[in-house]
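Chain by chain, the residues:
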Amino acid sequence: MSTRARRSSFPKVVIERDTDTDESSDEEEEEVENDVVESDDEEEEVEIEDQKVEDDIVEDKKGKTPITISLKKVCKVCKRTGHQAGFQGATYIDCPMKPCFLCKLPGHTTVNCPHRVAMEFGVIPASRKRTHNSLDYVFERQLRRGVPSIKPAFVIPDEVNCAVIRYHSRRVTCLEFHPTNNNVLLSGDKKGQLGVWDFGKVYEKTVYGNIHTCLLNNMKFGPANDGTVYTVSSDGTVNCTDLETGLSTSLMDLNPNGWQGRNSWRMLYGMEFNAEKGLVLVADSFGYLHMVDARANSKTGDSVLIHKKGTKVVGLHCNPLQPDLLLSCGNDHFARMWDIRHLEAESCLHALPHKRVVNSAYFSPSSGSKIVTTSIDNRIRVWDSIFGNLDTPSREIVHSHDFNRHLTPFRAEWDPKDPSESLVVIGRYISENYNGAALHPIDFIDTSTGQLVAEVMDPNITTISPVNKLHPRDDVLATGSSRSLFIWRPKEKSEVVQEKDKSKIMVCNRKNSKKFGNESDNDDDDDSGDDFSSKKGKGLKKKKANIVITTSKSSKKKKP
């Protein structure tokens, strides 16, 4: 019995090529292509001549239209042909159909944007002349007596002192310094793990993998016990963890019945600790605020809707001098102030409008009289006084941080040691060309003038650094970049440049690293945009497997 060939029902595939496509410079590849074209010349001519006939036959017999695969160059921004946009190395090329990527205004490109040339462009500096009303007078006399009249010089940590590479299995989501031990840094990651690292001894590190099942979004220390830390996660739980044993206790679970669909799954993002009342304040992805009694380890009171229903509340912060004053921010394009003593729905004291999602909102660390917010419209907004008009900010500073995909959101945070309450730190998204390398600096900005005080970077840190935390007591900056942690300290001007101490650079092999819990050591990560194996660092991966930090251009690199 003769075999019968099966008739394929797969539709016809037509490939469209761009006539402007750059030809390959490799002569050998061109010769091979020419040979193939010559050998199949007759078949291609027949196919071109009978293309319409074959399409009609396919449509008549099977009722299917041919699939068209286009190889033309398409703009990544507007999805149109004829031009290219996006990053070309360290340079961002704008789409002619869209406004400037940095300031969102038409008429110029990102390369020559005036806000990129001078960050203080268009910013009105804070007035030095003080106009006192009754509240300002009381504030100046009682609350800000310790603030010096002469603004001191800023201390900038601009040199990497030590680092631990690939510390976490997923990207870092939050950082927190220990309240009493100056050399201990806590970090959370996308997998829900909690890391405890003593960067004074470098090699003393622990990763607890049984804290949460997914993103650890925030953490706070309680004032009563510095050996325990409170954490919230996208799994909808509030946990209290002992740092010595790694034992975790669940204080609240918003999803007791497990996964019931995305419309009912609640995730926790914002978190704050009210020391006076002993309350842990947490906010979920549906716009509600929940309160947990830290003394009874249980939920107390009813949930209150503080933002638009169905939107995330991503940040909470209590005023340092008046803890009953709460500041929240979320995806409804607002930052709101609340009085915890009279907390009800739609009872906010002030609503601070923004044009897009607000990533963070913080009171100033010493007096609590100022507010700084970070929005993904590439704006850092500053309010100089909470007693004045809050309808419009005192100034808006244009800064590149409009990117959240595969990245932890950028947040501008105050320097807790700055007595003038004007210095903030934030990572930058748009890369800069430093000696041919595309680097993403960490910016120190003076919020009173909008000027860029300093931009710190290291030639071997090619990933974006969205998570940055300044030490409350020492001149130290902690950075979470991808899965790694870096500690920055001020560079001594009189110090002779020496080779970096190799004992302060630790590369973690997660297969041999000590972990607790049932979490696997899977190296796969869907955060392809923030890993050392990303496109920008793919060509340097083999060379930099053991090369992480250099002190200066004259420093010798460690050979792999």
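Parameters and conventions
Residues numbered from 1 in each chain as written. Predicted model: local features only at pLDDT ≥ 70, side-chain atom pairs only at ≥ 80, totals over all residues. Heavy atoms only, no water. Helix = DSSP H or I, 4+ residues; strand = E, 2+ residues; numbered from the N terminus. Buried < 20%, exposed > 50% of the residue type's maximum accessible area, 1.4 Å probe, protein only. Contact = heavy atoms within 4.5 Å. Areas by Shrake-Rupley, 256 points an atom, 1.4 Å probe, with all protein chains shown as cover. Pairing = 2+ DSSP bridges. Axes fitted to C-alpha atoms, helices over the stretch in contact; angles between N-to-C directions. pLDDT = per-residue confidence, 0-100.

A. Quick look at the overall build of the protein. For the protein, the helix and strand inventory stands at five helices and 36 strands. Relative to its full complement of 560 residues, the protein shows a buried share of 47%. Sequence separation of 24 or more characterises 52% of the internal contacts of the protein that already satisfy a separation of 6 or more. On the protein, roughly 29700 Å² of surface is accessible, and the fraction owed to carbon and sulfur atoms is 48%.

B. Just the sheet that holds strand β23 (residues 371–375), in detail. Taken together, four strands build an open sheet; the order of strands is β22-β23-β24-β25 and the sheet is antiparallel. A strand with exactly one partner marks an edge of an open sheet, and here the two such strands are β22 (358–363) and β25 (395–398). In this sheet, adjacent strand axes meet at a mean angle of 15 degrees when their direction is disregarded. Alignment of strand β24 (residues 379–383) against β25, held across four bridges, turns out to be antiparallel.

C. Representation of the pairing of strand β8 (residues 194–198) within the structure. Summarising burial for β8: five of the five residues are buried, a large majority. Burial of β8 is two-sided: the residues Leu194, Val196 and Asp198 facing one way and the residues Gly195 and Trp197 facing the other way are all buried. Note that strand β7 (residues 184–189) and β8 share five bridges and pair antiparallel. Counterpart to Val184 in the pairing with β8 is Asp198. Turn length for the β7-β8 hairpin, with the two strands adjacent in sequence and antiparallel, is four residues, and the turn residue Gly192 shows positive phi of about 90 degrees. For β8 and strand β9 (residues 204–208), the ladder comprises five bridges, and the chain directions are antiparallel. Bridge assignment links Gly195 to a residue of β9, and that residue is Val207.

D. Expanded view of the pairing of strand β33 (residues 477–481). Burial analysis of β33 places five of its five residues in the buried class, the great majority of the element. A two-sided burial pattern is seen for β33, the buried positions comprising Leu477, Thr479 and Ser481 on one face and Ala478 and Gly480 on the other. Of the pairings in the sheet, the one linking strand β32 (residues 467–470) to β33 comprises four bridges and is antiparallel in character. Paired with Lys469 across the bridge in β33 is Ala478. Here β33 pairs with strand β34 (residues 484–489) via five bridges, running antiparallel. Directly across from Leu477, in β34, lies its bridge partner Trp488. Hairpin connection from β33 to β34: two residues lie between these consecutive antiparallel strands, with Ser482 at a positive phi of about 60 degrees.

E. Seen up close, unusual backbone geometry. You will see that Glu346, though not glycine, has its phi angle at about 60 degrees, which is positive. Relative to the helices and strands, Glu346 resides in the loop between β20 (334–339) and β21 (350–353). Although it is not a glycine, Ser482 adopts a positive phi angle of roughly 60 degrees. Tracing the backbone through its elements, the reader meets Ser482 in the loop between β33 and β34. Taking the relative accessible area as the measure of exposure, Ser482 reaches 4% and is therefore buried.

F. Examining the confidence of the model for the protein more closely. Chain-level pLDDT for the protein is 78 on average; 72% of the residues reach the 70-or-more range. The lowest-confidence element of the protein is strand β36 (residues 515–516), averaging 38 in pLDDT; the highest-confidence one is β23, averaging 97. The low-confidence segment residues 20–50 (pLDDT under 50) makes five contacts with residues lying over four places distant or belonging to another chain. Contacts from residues 510–560, a stretch scored under 50 in pLDDT, to residues over four places away or in other chains number 108 contacts.

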